[in-house]
Amino acid sequence: MNGMTVIVKTIASWLKVLIFLFGIYIIIFGHLTPGGGFAGGVILAASYVLLMLAFGREFAEENLSLPIASKLDCLGAFLFALIAILGFVFGGVFFVNFLVRYSQPLHLISAGTIPLSNIAIGLKVGASLFLVILILSISCKGRECKYE
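Small disclaimer: the values here were computed from a predicted structure and weren't measured.

### Quick notes on the side chain of K9
Summarising the element assignment, K9 is placed in helix α1 (residues 6–28). Contacts of K9, omitting those with residues within four sequence positions, involve N2, G3, M4, A54 and F55.

In structure tokens:
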């Protein structure tokens, strides 16, 4: 049997969705409330780590495989760099908030490029942290992990 008991698997499958949605909420509304891309990305990765602990590494890899996680990691870095370069193109300064003129106070897009940066960082951090934990679980499979 791979993973934990049926009770743990059932609770983990329910909680995974709630944790994932909470991570998305933290990323999207990070410019209005405490949080942002890094905190939301850590929460997103925690939902997949919960799956890995409850069901085993193979099940978590079926939901988010190593190549897809790597591509999401690269996509997050690319989007973050693109937002910075677009600030230079449209505003004349690297990473300038060039969408601030279209913003309305107390709305979701009230912060210009900050929510876009939060989304890119959340994607990057979530995928990177999941990859780190996945790689560590692969390298320790079937033997004791030793630090030399």
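### Some details on the nonpolar core
If you look at the biggest cluster of nonpolar residues, it comprises twelve residues: A12, Y48, L51, M52, A54, F55, A60, L64, A69, F130, L131 and L134. Elements that contribute at least two residues to this core include exactly α2 (37–55) and α5 (114–139). Ranked by residue count, the leading element in this core is α2, at five residues.

### Comments concerning unusual backbone geometry
Of note, the phi angle at F95 is positive, near 65°, even though the residue is not glycine. Residue position: F95 is located in the loop between α4 (66–91) and α5. Given the relative accessible area of 32%, F95 is considered partly exposed.

### Describing the environment of P115
Relative to the elements of secondary structure, P115 occurs in helix α5. Sequence-wise, P115 and I28 are 87 residues apart; in three dimensions their C-alpha atoms are separated by 6.2 Å.

### Side note on the environment of T10
Mapped onto the secondary structure, T10 falls in helix α1. By relative accessible area, T10 is classed as partly exposed at 31%. Here V6 takes part through its backbone oxygen, which lies 2.8 Å from a polar atom of the side chain of T10.

About the criteria used
- Residues numbered from 1 in each chain as written.
- Predicted model: local features only at pLDDT ≥ 70, side-chain atom pairs only at ≥ 80, totals over all residues.
- Heavy atoms only, no water.
- Helix = DSSP H or I, 4+ residues; strand = E, 2+ residues; numbered from the N terminus.
- Contact = heavy atoms within 4.5 Å.
- Core = buried A, V, L, I, M, F, W, Y, C linked by side-chain atoms within 4.5 Å.
- Buried < 20%, exposed > 50% of the residue type's maximum accessible area, 1.4 Å probe, protein only.
- Polar contact = N/O pair within 3.5 Å; in protein donor to acceptor, adjacent residues only side chain to side chain.

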